[in-house]
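Results of the structural survey
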Amino acid sequence: MLETEATLEVKNLIADLRPSEGNLLAALHRLQEHYGYIPSDAIPVVAQQMKLGTARVYGMISFYSEFRLTPPPETTVSWCSGPACCLRGGDSIRRIFEAVLGIKLGESTEDNRVGLHLGQCNGTCDLAPMVRINGRARGPLSAAEAVRLARELSSRASPPSARKNGGSPS
Ligand code: FES
């Protein structure tokens, strides 16, 4: 394998992990923490270091939904799918974000500025229905507030063709 600055960096990040299937998960977590995703160029390096096939590495990445193969969007809208949010109109809030941003749940805008992702209840149900924007809770949202918020985010993103986060398993 050709040594480049990038492959050397990946090697250094996981150098202390002994080659084993058991350390594969730790290696992937390190890369994701460092880069915000797992660059595809890093996969053969990880496979070599762990003495595993690249298919095994891809298999592990696709098994765990927290791993992604594409850079995260600048702004992540995490739509809460929990019961309190759903009971208080969370589905309408999701549809508003989808319509205004021109993307579906699980997708990011073409320019990767805004992504709309499935979130879980984190116990802040007094804010239902709510979304988290880069981790910050916004709610309770009326339909009008959701439209305003989504438009504000949309103005930061390029117009409405969307792409899926192909490598981001759900
Ligand atoms: S159900 Fe949405 S925050 Fe609890």
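Described below are features of the structure shown in this document. (Residues numbered from 1 in each chain as written. Predicted model: local features only at pLDDT ≥ 70, side-chain atom pairs only at ≥ 80, totals over all residues.)

Regarding helix H7 (residues 143-154)
The end-to-end C-alpha distance of H7 is 16 Å, a good match for the 16 Å that 12 residues give at a rise of 1.5 Å each. Those residues of H7 hidden inside the fold are in contact with strand S1 (75-80), helix H6 (90-101), strand S3 (114-119) and strand S5 (136-138). (Helix = DSSP H or I, 4+ residues; strand = E, 2+ residues; numbered from the N terminus. Expected span 1.5 Å × (residues − 1). Contact = placed C-beta atoms within 7 Å.)

Here we look at the environment of Pro140
Within the element layout of this structure, Pro140 appears in the loop between S5 and H7. On the neighbour-count criterion, Pro140 (17 C-beta atoms within 10 Å) is partly exposed. Note: C-alpha distance between Pro140 and Arg88 (52 residues apart in sequence) is 9.0 Å. Residues contacting Pro140, with those up to four places away along its chain left out, are Arg88, Leu127, Ala128, Pro129 and Met130. (Buried ≥ 20, exposed ≤ 12 C-beta atoms within 10 Å, placed from the backbone.)

Side note on the pairing of S1
With six bridges connecting them, S1 and S3 associate as parallel partners. Of the residues in S3, the one forming a bridge with Thr75 is Val114. In terms of strand pairing, S1 meets strand S4 (residues 131-133) through three bridges, oriented antiparallel. Directly across from Ser78, in S4, lies its bridge partner Arg132. (Pairing = 2+ DSSP bridges.)

Description of unusual backbone geometry
Along the chain, Ala128 connects to Pro129 via a cis peptide bond; the corresponding omega equals -5°. Relative to the helices and strands, Pro129 is located in the loop between S3 and S4. Gly139 connects to Pro140 through a cis peptide bond whose omega is -5°. The residue Lys51 is not glycine, and still its phi comes out positive at about 55°. A tally of 10 C-beta atoms within 10 Å means that Lys51 is categorised as exposed.

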